[in-house]
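Structural characterization, general
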Amino acid sequence: MSVIIAKQLVKTYVAGDIKVEAIRGVDFSIEPASFVSFIGPSGSGKSTLLNMIGCLDPPTSGELQVVGQDITNLSRQDAARFRGEHIGFVFQDFNLIPVLTVFENVEYPLLMVQNWPTDKRKKRVQEMLDAVGMADQGRKYPSQISGGQKQRVAVARALVTNAKLVLADEPTANLDRKTANMVIDLMKLMRNEYKTTFVFSTHDPRIVDNVEITFELEDGILQRQKTAAGGHHG
Ligand code: ADP
Ligand code: MG
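Now for a quick tour of the structure. Please read all numbers here as calculations on a predicted model, not as lab measurements.

With that out of the way, let us pick up the pattern of salt bridges. Using the criterion set out here, one finds 10 salt bridges in the structure. As a salt-bridge pair, Lys-122 and Glu-107 come within 2.9 Å of each other at their nearest N and O atoms. Of this pair, Lys-122 sits in helix H4 (residues 118-131) while Glu-107 is found in helix H3 (residues 102-113), placing the two residues 15 residues apart along the sequence. Note on Lys-122: relative accessible area 35%, which makes it partly exposed. Judged by relative accessible area, Glu-107 falls into the buried class, the value being 5%. In this structure, Lys-226 engages Glu-216 in a salt bridge whose closest nitrogen and oxygen atoms are separated by 3.8 Å. Here Lys-226, found in strand S10 (residues 221-227), pairs with Glu-216, found in strand S9 (residues 213-218); they are 10 residues apart in sequence, far enough to count as distant. Since its relative accessible area comes to 17%, Glu-216 is described here as buried. Where salt bridges share partners, they join Glu-107, Arg-121 and Lys-122 into one cluster.

Quick look at the pairing of S9 now. As paired strands, strand S3 (residues 35-39) and S9 are joined by four bridges and run parallel to one another. If you follow Val-36 over to S9, its bridge partner there is Ile-213. By the bridge criterion, six bridges tie S9 to S10 in an arrangement that is antiparallel. What sits directly across from Ile-213, in S10, is Thr-227. Where S9 hands over to S10, the hairpin turn is made up of two residues, of which Asp-219 adopts a positive phi near 55 degrees.

For the rest of this paragraph, the subject is unusual backbone geometry. Most peptide bonds take the trans form, and the phi angle of most residues other than glycine is negative. The backbone of Phe-94 shows a phi angle near 70 degrees, a positive value even though the residue is not glycine. Assignment of secondary structure puts Phe-94 in the loop between strand S6 (87-91) and H3.

Strand pairing in a sheet is mediated by backbone hydrogen bonds. Such pairs are either parallel or antiparallel. Read across the open sheet, the six strands follow the order S6-S7-S8-S3-S9-S10; overall the sheet is mixed. Across the chains shown, the open sheet's two edge strands, defined by having one partner strand only, are S6 and S10. Pairs of neighbouring strands in the sheet enclose a mean axial angle of 20 degrees, with direction left out of account. As defined by bridge partners, S3 adjoins strand S8 (residues 197-202) across five bridges and the pair is classed as parallel. Looking across to S8, one finds that Phe-38 is bridged to Ser-201. On the sheet, helix H5 (residues 147-159) packs against S6, strand S7 (165-169) and S8 and is oriented at approximately 165 degrees with respect to S6.

One finds Val-106, Val-155, Phe-198 and Phe-200 to be the most contacted residues of the largest nonpolar core, which totals 35 residues. Looking at this core, the elements with two or more residues in it are H3, H4, H5, S7, helix H6 (177-194) and S8. Setting aside anything within four residues of it in sequence, one finds Phe-198 in contact with Ser-34, Phe-35, Val-36, Leu-159, Val-166, Met-187, Met-190 and Arg-191. In this structure, Ile-23, Leu-49, Leu-165 and Phe-215 belong to the second largest nonpolar core, which totals 27 residues.

Attention shifts here to the site of ligand 1. Around ligand 1, the neighbouring residues are Tyr-13, Val-20, Ala-22, Pro-41, Ser-42, Gly-43, Ser-44, Gly-45, Lys-46, Ser-47 and Thr-48. Taking Gly-43, its main chain carries an N or O atom lying 2.7 Å from an oxygen atom of ligand 1. At 2.5 Å from an oxygen atom of ligand 1 is found a side-chain nitrogen or oxygen belonging to Thr-48. For ligand 1, whose free accessible area comes to 560 Å², the fraction covered by protein is 60%. Elements with a contribution of two residues or more to the shell around ligand 1: strand S2 (18-30) and helix H1 (46-53).

Parameters at a glance
Residues numbered from 1 in each chain as written. Chains lettered and ligands numbered in written order. Predicted model: local features only at pLDDT ≥ 70, side-chain atom pairs only at ≥ 80, totals over all residues. Heavy atoms only, no water. Salt bridge = Lys/Arg side-chain N within 4 Å of Asp/Glu carboxyl O. Helix = DSSP H or I, 4+ residues; strand = E, 2+ residues; numbered from the N terminus. Buried < 20%, exposed > 50% of the residue type's maximum accessible area, 1.4 Å probe, protein only. Pairing = 2+ DSSP bridges. Axes fitted to C-alpha atoms, helices over the stretch in contact; angles between N-to-C directions. Contact = heavy atoms within 4.5 Å. Core = buried A, V, L, I, M, F, W, Y, C linked by side-chain atoms within 4.5 Å. Near = heavy atom within 4 Å. Polar contact = N/O pair within 3.5 Å; in protein donor to acceptor, adjacent residues only side chain to side chain. Areas by Shrake-Rupley, 256 points an atom, 1.4 Å probe, with all protein chains shown as cover.

Everything listed here is a matter of geometry and, on its own, says nothing about what the molecule does.
Shown next, in the form of structure tokens:
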């Protein structure tokens, strides 16, 4: 069963008299444990699409199924609950909470959605910090670690609830080449380990070289879908 199914999906932003047709009828599906990316020029609708998949913004029309659930018409509250249970996010600018430590940032999603006993929760957080190579950095604050380390923490935070889908909007845009490669490798490792689906938006050729399928967006329309030579690998 596909993790994401979109049918004739449309998103039109309306502000006063101005209408922006950001996504203009796209169809696609994404399979479990895949590593895929939406690519396209700035303004082509990548973030809009990821935001709809992540239940951050509802579609204007069409159908959108995520992890087997129709999310087209969720209430704000149901959308929030759905996000908390099923989706992890990784952002371009990391979005860590500055007043929380690294450990507390990773712990945060567990406090929001799941009623875990404290010791089990702490153990899970430490396990995720280990998995992303940040085991001994838990007491630091985001301002005390590098960009690459912040993105590692963000990956741990995205996966701590066992989310089966991670949405990463230009996750390497603020990283240098070497760090970006490390973060991409880490995400791929996590995909292999936890069978999480990773959906990116990016301009970054390093991500494009690593994904199995690229969906090319132009002006809100899906132009092409390319499968990497050799198909599913990694
Ligand atoms: P990308 O992520 O590919 O750069 P976006 O999805 O951010 O593209 O934007 C697609 C189009 O929708 C652009 O024309 C952008 O200006 C417009 N847009 C995005 N968000 C909003 C919004 N909240 N209100 C109005 N227009 C928006
Ligand atoms: Mg964007």
